[in-house]
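# A closer look at the structure
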Amino acid sequence: MLHNIFLLFVGLLSLEHVSFAEVPSSQIVNITETREYAERMQNFTRTNFEHLEKMRNRSIRVARSCKDLRDRYDEREDGVYYLTTGNGMLYQTYCDMTTAGGGWTLVASVHENSVYGRCTVGDRWSSQQGNNADLPDGDGNWSNRNTFGTVESATADDFKNPGYYDITAEDISVWHIPNNFPLEFWNMEAAAVLRYHTENRFLRLYGGNLFQLFKQYPVRYNVGSYGDRGPAIPIVYDHGDKESTRMLYGPNSRNEFEPGFITFRAINNERAAMAICSGVKPTVGYNTEHYCIGGGGYFHPEQCGDFPSFDYDRLGGMQGWSAPREMTEAAVLLFYR
Amino acid sequence: MLHNIFLLFVGLLSLEHVSFAEVPSSQIVNITETREYAERMQNFTRTNFEHLEKMRNRSIRVARSCKDLRDRYDEREDGVYYLTTGNGMLYQTYCDMTTAGGGWTLVASVHENSVYGRCTVGDRWSSQQGNNADLPDGDGNWSNRNTFGTVESATADDFKNPGYYDITAEDISVWHIPNNFPLEFWNMEAAAVLRYHTENRFLRLYGGNLFQLFKQYPVRYNVGSYGDRGPAIPIVYDHGDKESTRMLYGPNSRNEFEPGFITFRAINNERAAMAICSGVKPTVGYNTEHYCIGGGGYFHPEQCGDFPSFDYDRLGGMQGWSAPREMTEAAVLLFYR
Amino acid sequence: MLHNIFLLFVGLLSLEHVSFAEVPSSQIVNITETREYAERMQNFTRTNFEHLEKMRNRSIRVARSCKDLRDRYDEREDGVYYLTTGNGMLYQTYCDMTTAGGGWTLVASVHENSVYGRCTVGDRWSSQQGNNADLPDGDGNWSNRNTFGTVESATADDFKNPGYYDITAEDISVWHIPNNFPLEFWNMEAAAVLRYHTENRFLRLYGGNLFQLFKQYPVRYNVGSYGDRGPAIPIVYDHGDKESTRMLYGPNSRNEFEPGFITFRAINNERAAMAICSGVKPTVGYNTEHYCIGGGGYFHPEQCGDFPSFDYDRLGGMQGWSAPREMTEAAVLLFYR
């Protein structure tokens, strides 16, 4: 019996190599060779009733945000918790209880299911209706109460939970994590492509969350002209720095932005709107479709999608306007505090 | 600190003007100038643990419908509650506990995400497979057990919960509420475009819910000819009257129906089937695609969708066959009791 | 009052005939004429608070699988239970607590919403992005953590719950059940088109579940050539036998496989990958698109979909390469133990 468990464990480890096949091999070594990984993995595949009961008992706590859980119940462990909206809707999401004091609620993830898709099924953060000027708002999910996905699939598909519109917050934290990375390892250093947060409480000025901010700055085709934008907020790095941020976008893009910011609602040269420029502030040129994510319902032909035109030159990385795979094949997780 | 909360509150109020931009300005004044609105809004944006605990404690009650909650536990407050299906599936939905004695369970909403869409993604109450005679039933959601959406997003997207097929009811109530109107304000007078209910217990004759009724009267292309229909049930108005109902449809449509009814499974001149004619009974002409909602999988070209052809003349309201925006940009909420 | 309940009950029975219209009439008689059916139906349409409370109390048990519920809490009744993932996510699914000792967790269902669809909306087990060689993995749901559907709609639409990737199991059980068959009757003999399970604990060798198995054997276009396949595991029949299995596929297909197995990740002559050949092992010819389900994102034109080409000859059954409707209009439920 013990023998079987051991075999299974080894089997899982080797399979993980398959699943992370696209991740640079240096990272795989980092993850799977650590004792920490081995211990987590072993614990994870057996039914540990004590652990399950601990998880279930989290449902006793009543809170509207991870910050509430930290402040009121002194919860300090990263992981999945239960939250309740002001209207009483119960849901589960991930709390980052360690970064910069903790209390961060995961409210959304932006996942590009196909960099060749053109506002088709799965492009929930732009449009699933095709590239269509008659639908300038596209799916409208940046400023409505729709929700989709689950916390455990937040790196495998788009995710939006009620916290996105329900929580009144002050700051934002962003994690870029490789697609399909399992939740139980999100907080490992090796999972981080890029991580940062704001600390100037800017959301107080914009209604307390992105739902309200994007009502003020609609993510809508033809709502303004190139260079128009919402707030660009300075960021504090938790993984990476200004130089590594630059390298996460295509060489041509690097001439157009200043790293060290998160920018909301950018407009490009064709009057298409994007929702978030992660890690950067557009300063010239404004071909923002190559380095800003999310959008309205209409773009220049061949540029519609959640990551509108991150692989413009179809080179799979690092030439012309194409961002490296490290970026295009990572989900963007959005947290509030 | 108090200062900040005050600023936030003012910010939210002004943002709400943006979000309700499409609603006639007279309504905005009605809503946002009332003391009731101000108090609700203020309470809503702070974490009120007492309130959250009250909401969570609703999970202790075991009930299959809002009527059960009223009858067995004397619940009298509108809002979100927990229900359980006969098979034991737990879900949350909205209970109207005040209209005509209360006990109404929200089981579905029909939301037109794009009046220019043609049975594309989001047209769950007709077809998401394109206008296709090979799929006469379309998505089939009027008579299957699929569910989608959440209660808080019921005015932002289609919604269907297990109550639709699980609850055995006698009457129906219908609320037309402007798209994206927040749940916490649904029961305000200003949210109502049109509201009514039946009181003759007609569902007893049709299996106890719409799931069963639409098995008897399939919402299927080519299942009958123009003028064929399921039951047309007289309604009691809770907001509006026969004359205001007439004005919610295009001028040409007004010659074809009699207001004061809800009609199920209408057939138009091209043998397309629609599910519900809200507030009216077709009597002549039978161009029901302009005033009945939901449908099977095949319509005349350019008429497929959840609101099949409510803006036929593409005028955005009140001319020819086009219904006013008040109607095309409102979700249709369906309740059972 | 009693009179009304009786009328309702009779109404429901007659309506059920409508809903099962496509099922061979011999089966309808089997189901609806039995005393068992009548008793279940009567119990099911009234609110039985004792029953509801029993269902709700199942939420007290903490378990990661139905096997846990059987082993730890001695649960022995088929039905809907609560499970918790290793990360603490709560969900509900169906447990088969009787077949071959019980303890089987329903983790997924494959449902063909339209045999004429071509990798369109609803084809979650192949691709919803159209037949597209640029997307060799299609939606990728065989080896990612996305989930969709609900347990009560598992015969009406695709279903995948967190158990699919979270549970570490040894064997698989498969139920083919007519589309739209209600959960409360799934375990009746008359619901079974085909049922079987494995008993050699093969999943121990492949990572403990299908999520891991399909990482090792990717369901991806062009990953291998015809005849390549993952494991073919012998099955034990719970309903049906080798001969009845043969008859569930088209006459031409019957020359290409050996019944009595479940085969994973088959490759056809055009290098398209399929996920599961239910009940059979391909041995020659390898036109597996006619008798294997699920797939990657690219097939021969006109063959993309969850049941890729089960009605190739468009005859609706039993001629050429076309499988009988009994098979094409049944959902495939997958259980772990």
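Our structure is the block above this text.
Residues numbered from 1 in each chain as written. Chains lettered and ligands numbered in written order. Predicted model: local features only at pLDDT ≥ 70, side-chain atom pairs only at ≥ 80, totals over all residues. Heavy atoms only, no water.

## Quick notes on the relation of the copies chain A and chain C
To keep it simple, the criterion reads: When the copies are overlaid, the least-squares fit takes in C-alpha atoms only where the residue has pLDDT of at least 70 in both copies. Whether two residues are in contact is decided by their heavy atoms: any pair within 4.5 Å suffices.
Least-squares fitting of chain A to chain C yields an RMSD of 0.0 Å, with the superposition described by an axial translation of 0.0 Å and a rotation of 120°. Those values place the two copies in the arrangement expected of a three-fold rotation axis. Looking at the rotation axis and the C-alpha trace of chain A, the residue lying nearest is Val121(A), at 4.3 Å. Of the interface residues in chain A, just 6% have counterparts in chain C that sit at the interface too, so the contact is made through distinct surfaces.

## Let's talk about the interface of chain A and chain C
One widely used convention gives an interface's size as the accessible area the parts lose upon coming together. The criterion, for reference: When two components associate, each loses some accessible surface as probed by a 1.4 Å sphere; the sum of these losses over both components is called the buried area. Here, a salt bridge means any Lys or Arg side-chain nitrogen found within 4 Å of an Asp or Glu carboxyl oxygen. Here a polar contact is taken to be a pair of N or O atoms separated by no more than 3.5 Å, where protein atoms must pair a possible hydrogen donor with a possible acceptor and residues adjacent in sequence count only if both atoms sit in side chains. Strands here are runs of E lasting at least two residues and helices are runs of H or I lasting at least four, both read from the DSSP assignment and numbered beginning at the N terminus. Three classes are used, and their members are as follows: Ala, Val, Leu, Ile, Met, Phe, Trp, Tyr, Cys and Pro are nonpolar, Asp, Glu, Lys and Arg are charged, and the others, Gly among them, are polar.
Each side of the interface is counted separately: chain A has 36 residues, and chain C has 38 residues. Between chain A and chain C, the buried area comes to about 3,200 Å², and carbon and sulfur atoms account for 52% of it. Counting the contacts that link chain A with chain C gives two salt bridges. Glu53(A) is the partner of Arg72(C) in a salt bridge, and the nearest nitrogen-oxygen pair spans 3.4 Å. There are 15 residue pairs in polar contact (both at pLDDT 80 or more) connecting chain A and chain C. Within the residue set of the side of chain A that touches chain C, elements represented by two or more residues are helix H1 (2-19), helix H3 (35-45), helix H4 (49-57) and strand S1 (79-84) of chain A. Ranked by residue count, the leading element in the side of chain A that touches chain C is H1(A), at seven residues. The class makeup of the residues in the side of chain A that touches chain C is 16 nonpolar, 12 polar and eight charged.

## What about the state of the cysteines?
Worth spelling out the cut-off: Whenever a pair of cysteine sulfur atoms sits within 2.5 Å, that pair is classed as a disulfide.
On inspection of all chains with the given rule, the structure shows nine disulfides over all chains. Sequence-ordered numbering of the disulfide-bonded cysteines in chain A gives the connectivity 1-2, 3-6, 4-5.

## A look at H4(A)
Filter applied, for reference: Only protein chains enter the accessibility calculation, which uses a 1.4 Å probe; a residue is then buried when its area is under 20% of its type maximum, exposed when over 50%, and partly exposed in between. Here, the arc refers to the directions that run from the helix axis to the C-beta atoms.
Along H4(A), the residues classified as buried are Phe49(A), Leu52(A), Met55(A) and Arg56(A). Across the axial projection of H4(A), the buried residues extend over an arc of 120°, all falling on one side. Of the surrounding elements, those touching the buried residues of H4(A) are S1 of chain A together with helix H5 (66-73), strand S1 (79-84) and strand S2 (90-96) of chain C.

## Description of the interface of chain B and chain C
The partner chain C presents 36 residues to the 37 residues of chain B that form the contact. For the pair chain B and chain C, the interface holds two salt bridges. With its nearest N and O atoms 2.9 Å apart, the salt bridge here joins Arg145(B) to Glu184(C). Applying the counting rule to chain B against chain C returns 15 residue pairs in polar contact (both at pLDDT 80 or more). Counting only elements with at least two residues in the side of chain B that touches chain C, the list comes to helix H5 (66-73), strand S1 (79-84), helix H6 (163-166) and helix H7 (210-216) of chain B.

## Points about the side chain of Glu289(A)
Residues and elements named next belong to chain A. Selection criterion: In this count, Lys and Arg are taken as positive residues and Asp and Glu as negative ones, while His and the chain termini are left out.
Inspection of the secondary structure assignment puts glutamate 289 in the loop between strand S12 (280-282) and helix H9 (325-328). Here glutamate 289 sits buried without a salt bridge, and the closest side chain of opposite charge, arginine 118, lies 11 Å off (N-O distance). A polar atom in the side chain of glutamate 289 sits 3.0 Å from the side chain of asparagine 268. Setting aside residues up to four positions removed in sequence, glutamate 289 forms contacts with Asn268, Glu270, Met274, Gln303, Pro308, Ser309 and Phe310.

## Description of the relation of the copies chain B and chain C
These two copies of the chain differ by a rotation about an axis and a displacement along the same axis. When chain B is fitted to chain C, the residual RMSD is 0.0 Å, and the transformation amounts to a turn of 120° plus an axial shift of 0.0 Å. By residue overlap, the copies meet through two different surfaces: only 5% of the interface positions of chain B are interface positions in chain C.

## Notes on the pattern of salt bridges
Residue and element names in this part refer to chain C. As enumerated under the stated definition, the model contains 51 salt bridges over all chains in all. Glutamate 302 serves as the salt-bridge partner of arginine 118, at 3.5 Å between the closest nitrogen and oxygen. With a gap of 184 residues between them, arginine 118 in the loop between strand S3 (104-110) and strand S4 (159-160) and glutamate 302 in the loop between strand S12 (280-282) and helix H9 (325-328) connect regions that are remote in the sequence.

## Considerations on H5(B)
Three or more residues of H5(B) are buried, namely Cys66(B), Asp68(B), Leu69(B) and Arg70(B). Each element contacted by the buried residues of H5(B) is listed here: S1, strand S2 (90-96) and strand S3 (104-110) of chain B together with helix H4 (49-57) of chain C. Asp74(B) lies just past H5(B) and shows a positive phi near 55°.

## A few points about the sheet that holds strand S10 (residues 261-267) of chain A
Residue and element names in this part refer to chain A. This is how it is decided: Only strands that DSSP links by at least two bridges are regarded as paired with each other. The axes are straight lines fitted to the C-alpha atoms, using for helices just the contacting stretch, and the angles between their N-to-C directions are given from 0 to 180°.
Read from one edge of the open sheet, three strands run S7-S10-S11, paired in antiparallel fashion. The two strands at the open ends of the sheet, each matched to only one other strand, are strand S7 (232-234) and strand S11 (273-277). Put simply, the sheet's adjacent strands are angled 5° from each other on average, direction ignored. Bridge count for S10 against S11 is four bridges, and the pairing is antiparallel. Along S11, the bridge assignment pairs alanine 266 with methionine 274.

## Some words on the packing of aromatic side chains
Given two aromatic rings, their pairing is described by the distance between the two centres and the angle made by the two planes. Here is the rule we go by: Between 30 and 60 degrees the pair is tilted, below 30 it is stacked and above 60 it is edge-to-face, where a pair is any two Phe, Tyr or Trp rings, Trp via its six-membered ring, whose centres lie within 6.5 Å. Either the NZ atom of lysine or the CZ atom of arginine qualifies as a charge over a ring when it sits within 6 Å of the ring centre and within 35 degrees of the ring normal.
For the coordinates displayed, the defined rule picks out 63 aromatic pairs over all chains. Arranged with centres 6.3 Å apart and planes meeting at 55°, the rings of Phe202(A) and Tyr206(A) form a pair that is tilted. For Tyr206(A), a relative accessible area of 15% puts it in the buried group. Where Tyr94(C) meets Phe335(C), the ring centres are 6.4 Å apart and the plane angle is 65°; that geometry is what we call edge-to-face. Taken together, the residues Tyr94(C) in strand S2 and Phe335(C) in strand S13 (residues 330-336) connect sequence positions 241 residues apart. Overall, the relative accessible area of 2% leaves Tyr94(C) in the buried class. The side chain of Lys281(A) reaches across the aromatic face of Phe261(A), ending 4.1 Å from its centre. Here the basic side chain of Arg72(C) rests over the ring of Phe49(A), its NZ or CZ set 3.8 Å away from the ring centre.

## Considerations on the sheet that holds strand S10 (residues 261-267) of chain C
Residues and elements named next belong to chain C. Spatially, S7-S10-S11 is the arrangement adopted by the three strands of the open sheet, whose pairing is antiparallel. Two strands bound the open sheet, and with one partner strand each, they are strand S7 (232-234) and strand S11 (273-277). Sheet twist, expressed as the average angle between the axes of neighbouring strands with direction ignored, equals 5°. Summarising the sheet, S7 and S10 pair through three bridges and their orientation is antiparallel.

## Describing the pairing of strand S5 (residues 172-178) of chain A
One face of the sheet, then the other: side chains in a regular strand alternate in exactly this way. All names here are of chain A. For S5, the buried fraction is high: seven of the seven residues fall into the buried class. Inspection of the sheet shows S5 paired to strand S13 (residues 330-336) by seven bridges, in the antiparallel sense. The residue bridging histidine 176 from the neighbouring strand is valine 332, located in S13.

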